Amino acid sequence: MRLLHTSDWHVGRSLHGTDLLAEQEAVLGALAEVVAAESVDVVLVAGDVYDRAVPSADATGVFSRVVHRLLRAGAQVVLTPGNHDSARRLGTLSEVLAAGGLHVRADTARLDEPVLFTDEHGEVAVYGIPYLEPEIARHELGLPEARSHEAVLAAAMERVRADLLLRPGARSVVLAHAFVGGGQPSESERDIAVGGVDLVPAGVFDGVDYVALGHLHRPQSLSDRVRYSGSPLAYSFGEAGQQKQAWLVDLDAGGLAGVRAVPLPTPRRLSVLRGELPELLVDPGLASVEEHFVSVQLTDPVRPVDPMRQLQRRFPHCVHLEWTGSGPGTDARSYTERLSGRSDLEVAGEFVSHVRGGVEASAAERELLGRALAAAAAAEAAR
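Below or above, wherever it landed, is the structure these notes cover. (Residues numbered from 1 in each chain as written. Predicted model: local features only at pLDDT ≥ 70, side-chain atom pairs only at ≥ 80, totals over all residues. Heavy atoms only, no water.)

### Things to note about the overall build of the protein chain
1) Next: What the protein chain contains, in helices and strands, is 11 helices and 19 strands.
2) Next: For the protein chain, the C-alpha atoms occupy an extent of roughly 85 × 55 × 35 Å along the three principal directions.
3) Next: Long-range pairs, those at least 24 residues apart, make up 67% of the contacts in the protein chain with a sequence separation of at least 6.
4) Next: Placing the 36 positive and 52 negative side-chain charges of the protein chain at their respective mean positions leaves the two points 3 Å apart. (Helix = DSSP H or I, 4+ residues; strand = E, 2+ residues; numbered from the N terminus. Contact = heavy atoms within 4.5 Å. Lys, Arg positive; Asp, Glu negative; His and termini not counted. Charge placed at Lys NZ, Arg CZ, Asp CG, Glu CD.)

Pasting the structure below:
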């Protein structure tokens, strides 16, 4: 049997406020091409299907079309919720969806009930462990003393292994969403620490043939049988240049037969540029990144006027900008120090001057600002 291990789709996520749905549909749609070309039987999605608990209609539309393509390409799909998902929402109509080939394993109480597949060698049991928030899962699992992610996952795996004992000869796969010891994080994951305890030892997953992990966005192997597929897209500029992939997992009569990486397409690359604004706008060596998502670190000694608009004329997908200059035109004092001893009206007037490129507020505008600030103060005092 051949499986395709993916995770962390984060459908609906943006990059510094820029919508990524088109890029997500492109790369996730390419998974169907892998399914057809590699004769994949089952696609695994190890959590964080969506980027938020209540996804937008556009995000659910992308997900629906992607899954439809996977099913038409000949694979069934097994997925579990991650810490970004709502398990209850994702699990809605799960029995109905299973009839069409989409198996959603979102119920903690039933995590030891596998999705069963068969091939010429017999049975393959695929267990989906939803993200287990310790404070909630310890009650669902009947372990009120369990306070860490390790404790609730260990209890979940005990149930999985107990079920496997009743299936002699069955090969086994577990999907889980966790921060497992030895994994290297990226900038784009949401912390899942609870009380400072989030790491789970890889040994918790002993006793199964393959563990398809989700949560960390960098593809990596903790052992031959315990792996993170990583996210299909880069979701932070810290991942610029990272080759995204999925794992192609083969099971034979004896269990795990082999795993190999399948590179995924990059609909739009990420680039980080650094330099002074006039140079970045004319440097011919940057022609190759003009259609990339771009993050710029400006080193001009004086903060340029309206730099984002100027940059986007050349780099239309510039989505992030920071000024790191430290020349004679900068003020090295902290924000608190710069505001010390100044009235709200003075601060507001300086803001108006800043956004106008040095043009100060007129007397009439200062009067209007003063009235607005007075009204805000009165409203606050009346609370």
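This is not the end of the story, as more comes after the structure.
### Concerning the side chain of R105
1) Next: Tracing the chain through its elements places R105 in the loop between β6 (102–104) and β7 (115–119).
2) Next: Despite its burial, R105 pairs with no opposite charge, the nearest such side chain being E113 at 4.8 Å.
3) Next: In terms of polar contacts, R105 uses its side chain to reach the backbone carbonyl oxygen of E113, at 2.5 Å.
4) Next: Setting aside residues up to four positions removed in sequence, R105 forms contacts with V78, L79, T80, P81, E113, P114, V115, G128 and P130. (Buried < 20%, exposed > 50% of the residue type's maximum accessible area, 1.4 Å probe, protein only. Salt bridge = Lys/Arg side-chain N within 4 Å of Asp/Glu carboxyl O. Polar contact = N/O pair within 3.5 Å; in protein donor to acceptor, adjacent residues only side chain to side chain.)

### Description of the packing of aromatic side chains
1) Next: Scanning the model with the defined rule gives two aromatic pairs in all.
2) Next: Judged by centre distance (5.4 Å) and plane angle (55°), the rings of Y50 and F63 are tilted. Here Y50 is found in the loop between β4 (42–46) and α2 (57–72), whereas its partner F63 is found in helix α2, with 13 residues between them in sequence.
3) Next: The exposure class of Y50 is buried, given its relative accessible area of 8%.
4) Next: Directly above the aromatic system of W247 lies the positively charged group of R227, at a separation of 4.5 Å from the ring centroid. (Phe/Tyr/Trp six-rings, centres within 6.5 Å; stacked < 30°, edge-to-face > 60°. Lys NZ or Arg CZ within 6 Å of the ring centre and 35° of its normal.)

### Some points on a nonpolar patch on the surface
1) Next: A cluster of nonpolar side chains, contributed by L93, V96 and L97, occupies part of the molecular surface with about 280 Å² of accessible area.
2) Next: You can see L97 is positioned in helix α4 (residues 94–99). (Patch = residues over 30% accessible without salt bridge, like charges linked within 9 Å, V, L, I, M, F, W, Y side chains within 5 Å. Areas by Shrake-Rupley, 256 points an atom, 1.4 Å probe, with all protein chains shown as cover.)

### Things to note about the sheet that holds strand β15 (residues 245–252)
1) Next: Overall, mixed pairing links the six strands, which are arranged β6-β5-β4-β1-β15-β16 in an open sheet. Each edge of the open sheet carries a strand with a single partner, namely β6 and β16 (255–263). On average, each strand axis in the sheet is tilted by 20° relative to the strand beside it, whichever way the strands run.
2) Next: Inspection of the sheet shows strand β5 (residues 76–80) paired to β6 by three bridges, in the parallel sense. Residue pairing in the sheet places V78 in a bridge with H103 of β6.
3) Next: Most of the contacts of helix α1 (residues 21–38) go to strand β1 (residues 2–6), to which it runs at about 160°, and overall it touches β1, β4, β15 and β16. (Pairing = 2+ DSSP bridges. Axes fitted to C-alpha atoms, helices over the stretch in contact; angles between N-to-C directions.)

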